[in-house]
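Architecture at a glance
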Amino acid sequence: MLNFDFVNPTHIVFGKDRIADIAKLVPEQAKVLILVGGASAEKTGTLAEVRTALGARQHATFSGIEPNPSFETSMKAVLQVREEGFDFLLAVGGGSVIDAAKFIAAAVPFEGDTWEILLKGGRNVKSALPFGTVLTLPATGSEMNSGSVITRRDIGAKLPFGNPRLYPKFSVLDPTKTYTLPTQQIANGVVDAFVHTVEQYLTYPVNAPVQDRFAEGLLQTLVEVGPRLLAASEPNYDDRATLMWSATLALNGLIGAGVPQDWSTHMIGHELTALHNIDHARTLAIVLPAMLNERRVQKREKLLQYGERVWSIRTGTDDERITAAIEQTRAFFEAMGIPTRLSEYGLGADAVDTVVRQLEAHGMVKLSEHRDVTPEVSRRVLEAAL
Ligand code: NZQ
Ligand code: ZN
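Here's a quick rundown of the structure. (Residues numbered from 1 in each chain as written. Chains lettered and ligands numbered in written order. Predicted model: local features only at pLDDT ≥ 70, side-chain atom pairs only at ≥ 80, totals over all residues. Heavy atoms only, no water.)

This next bit is on the overall build of the chain. Across its full length, the chain carries 15 helices and eight strands. Projected onto its principal axes, the C-alpha coordinates of the chain cover approximately 65 × 45 × 45 Å. Counting every position in the chain, which comprises 386 residues, the buried fraction comes to 57%. Summarising the internal contacts of the chain: among those between residues at least 6 apart in sequence, 78% fall at separations of at least 24. A total accessible area of about 15500 Å² is found for the chain, and carbon and sulfur atoms account for 50% of it. Each charge class in the chain can be summarised by its mean position, and for the 38 positive and 45 negative side chains these summaries are 2 Å apart. (Helix = DSSP H or I, 4+ residues; strand = E, 2+ residues; numbered from the N terminus. Buried < 20%, exposed > 50% of the residue type's maximum accessible area, 1.4 Å probe, protein only. Contact = heavy atoms within 4.5 Å. Areas by Shrake-Rupley, 256 points an atom, 1.4 Å probe, with all protein chains shown as cover. Lys, Arg positive; Asp, Glu negative; His and termini not counted. Charge placed at Lys NZ, Arg CZ, Asp CG, Glu CD.)

Okay, structure coming up:
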């Protein structure tokens, strides 16, 4: 096992009817800016519940944070917070609203050009406003981690950043708040959580059996619950709760502590979203099977372990078992209604060059657990994903 530090200060408030607990979690004297996306939080009644829980505290609402939140919109909220003196943020929504809240929290006290926060990956963040979240879409894990991804539309850049000051103070996880999600977003959530787990597990062995078993448990759970979530005619509380907690655990630092990590599929996926506006999870479903195939030598031992423990693949030569494990992964994404080929999103060979150029422009030139996924390797992966 590798050396590690593990700190996760986010207070999780899980279960039905827990939004009322916000009354105890937000400081009495706080002046709160609630952040929401489009219309969903208002339409579903979640926003009204949040406002009730805030009681007599001064508060206002900033709406319009878009999926794949933009720097431009987030900066409007930054100006409002600075001008009106809010001192607590409350994000109500999915990963996009929570990610925007993290950027706003970091940008409000930041001196200088706030785009620098993204360019430095958040290492230059010295302080941040406190914030809490009410999660309405289980997928990203943003509700219990200190990372965020922000897009600048004018230059087509979608960049990640993070800082230990950016953990939410609390996150309310009420599975019933996911009941209004369209099926496509449920499928996205399952696939995003699955790929988060894979990117911290499918690297090379470092004698970390607890992390491996945790990761395999999450993967098996997602494989079991995913199709059931899609097939259900009515939302099932236990399955929604299972997805919600799995997605949080997939990216709250626990399974990644003490093991190598490979975020190359995510970094290539971010470029596809920035250039072609494909949902985050869908970009991962395109890249991951091709990436695993490209990296079958470097990932050999873990691919065999993954095939055996997650997909019960126990016969055939090593190469046959690895191929079968990759094909099972692809079949799972497709069974979740998510296409796994660039061509299914209307993209052809000419799209590959632009993605590779953007990876270079953003310094994504030494990806993976071995730092050897160069732009040329990314190109082969994208070509194989056509
Ligand atoms: O905007 P509204 O009206 O709220 O609608 C949203 C949005 O259109 C809707 N929605 C959310 N909750 C709903 C609902 N609709 C009905 N009922 C509800 N309960 O769902 C749509 C998608 O929401 P979004 O927040 O964009 O989705 P998701 O949670 O998948 O977040 C994706 C973003 O998170 C980033 C992605 O790159 C992407 O920008 N990620 C953040 C990570 C992190 N911070 O750790 C890690 C991830 O790998 C990922 O990169
Ligand atoms: Zn993701």
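Looking now at the coordination of the zinc ion (ligand 2). Taken together, the protein ligands of the zinc ion (ligand 2) are Asp 192 (OD), His 196 (NE2), His 266 (NE2) and His 280 (NE2), with distances of 2.0 to 2.1 Å. Along the chain, the residues that donate to the zinc ion (ligand 2) are spaced as D-x3-H-x69-H-x13-H. Here Asp 192 is found in helix α7 (residues 183-201), whereas its partner His 280 is found in helix α11 (residues 280-294), with 88 residues between them in sequence. For the residue pair Asp 192 and His 280, the accessibility class agrees, reading buried in each case. (Donors = N, O, S within 2.8 Å, 3.2 Å for Na, K, Ca; no water.)

This part covers the packing of α11 against helix α13 (residues 318-335). At a minimum axis separation of 9 Å, α11 and α13 run at an interaxial angle of 175°. Comparing their axes, α13 and α11 come out roughly antiparallel. In this structure, α11 contributes Ala 285, Leu 288, Pro 289, Ala 290, Leu 292 and Asn 293 to the contact, and α13 contributes Ile 326, Thr 329, Arg 330 and Phe 333. (Axes fitted to C-alpha atoms, helices over the stretch in contact; angles between N-to-C directions. Parallel < 35°, antiparallel > 145°, perpendicular 65-115°, else oblique.)

We now examine the pattern of salt bridges. On inspection of all chains with the given rule, the structure shows 22 salt bridges. Close ionic contact of Arg 152 with Asp 154 constitutes a salt bridge, the shortest N to O distance being 2.9 Å. Among the residues examined, Asp 154 registers a relative accessible area of 54% and is labelled exposed. Where Asp 212 meets Lys 302, a salt bridge forms, and the shortest distance between an N and an O atom there is 3.0 Å. In this pair, Asp 212 is assigned in helix α8 (residues 209-231) and Lys 302 in helix α12 (residues 300-311), connecting sequence segments 90 residues apart. Comparing Asp 212 with Lys 302 shows no difference in burial state: the two are buried. (Salt bridge = Lys/Arg side-chain N within 4 Å of Asp/Glu carboxyl O.)

Attention shifts here to the nonpolar core. Proteins that are soluble and globular tend to have nonpolar side chains buried together. Within the largest apolar cluster, 42 residues are counted, with the highest numbers of intra-cluster contacts made by Val 191, Phe 194, Tyr 306 and Phe 333. When contributions to this core are tallied by element, the ones reaching two or more residues are α7, α8, α9 (237-250), α11, α12 and α13. Counting residues per element, this core draws most heavily on α7, which supplies nine residues. What Phe 333 contacts, discounting residues up to four positions off in sequence, is Val 191, Phe 194, Val 195, Ala 285, Leu 288, Pro 289, Ile 338 and Thr 340. Ile 65, Leu 89, Val 97 and Phe 110 belong to the second largest nonpolar core, which has 37 residues in total. (Core = buried A, V, L, I, M, F, W, Y, C linked by side-chain atoms within 4.5 Å.)

Attention now moves to the site of ligand 1. Lining the immediate environment of ligand 1, one finds 31 residues, of which Ser 40, Gly 95, Ser 96, Asp 99 and Lys 158 sit closest. At 2.7 Å, a backbone N or O of Gly 38 approaches an oxygen atom of ligand 1. Within the side chain of Asn 145, an N or O atom sits 2.9 Å from an oxygen atom of ligand 1. Expressed as a share of its isolated accessible area of 960 Å², the protein-covered part of ligand 1 is 88%. Among the secondary structure elements, those contributing two or more residues to the shell around ligand 1 are α5 (95-107), β6 (147-152), α7 and α10 (264-276). A per-class count over the shell around ligand 1 returns eight nonpolar, 19 polar and four charged. (Near = heavy atom within 4 Å. Polar contact = N/O pair within 3.5 Å; in protein donor to acceptor, adjacent residues only side chain to side chain. Nonpolar A, V, L, I, M, F, W, Y, C, P; charged D, E, K, R; others polar.)

Time to look at the packing of aromatic side chains. Note on aromatic pairs: each is described by the distance of the centres and the angle between the planes. Summed over all chains, the structure comprises 10 aromatic pairs. A centroid spacing of 6.3 Å and a plane angle of 15° characterise the contact between Phe 88 and Phe 170, whose relative ring orientation is stacked. With Phe 88 in strand β4 (residues 88-93) and Phe 170 in strand β8 (residues 170-173), this pair connects stretches of sequence that are 82 residues apart. Relative accessible area serves as the criterion here: at 3%, Phe 88 is assigned to the buried category. A centroid spacing of 5.2 Å and a plane angle of 45° characterise the contact between Phe 194 and Phe 332, whose relative ring orientation is tilted. In this pair, Phe 194 is assigned in helix α7 and Phe 332 in helix α13, connecting sequence segments 138 residues apart. (Phe/Tyr/Trp six-rings, centres within 6.5 Å; stacked < 30°, edge-to-face > 60°.)

We now examine the sheet that holds β4. What the six strands build is an open sheet, ordered β1-β8-β5-β4-β2-β3; its pairing is parallel. The sheet is open, and its two edges are formed by β1 (11-14) and β3 (59-62), each paired on a single side. Geometrically, the sheet is characterised by an average inter-axis angle of 20° between neighbouring strands, direction not taken into account. Pairing of strand β5 (residues 131-135) with β8, which is carried by four bridges, proceeds in the parallel orientation. Along β8, the bridge assignment pairs Gly 132 with Phe 170. (Pairing = 2+ DSSP bridges.)

Nothing here speaks to function; it is all geometry.
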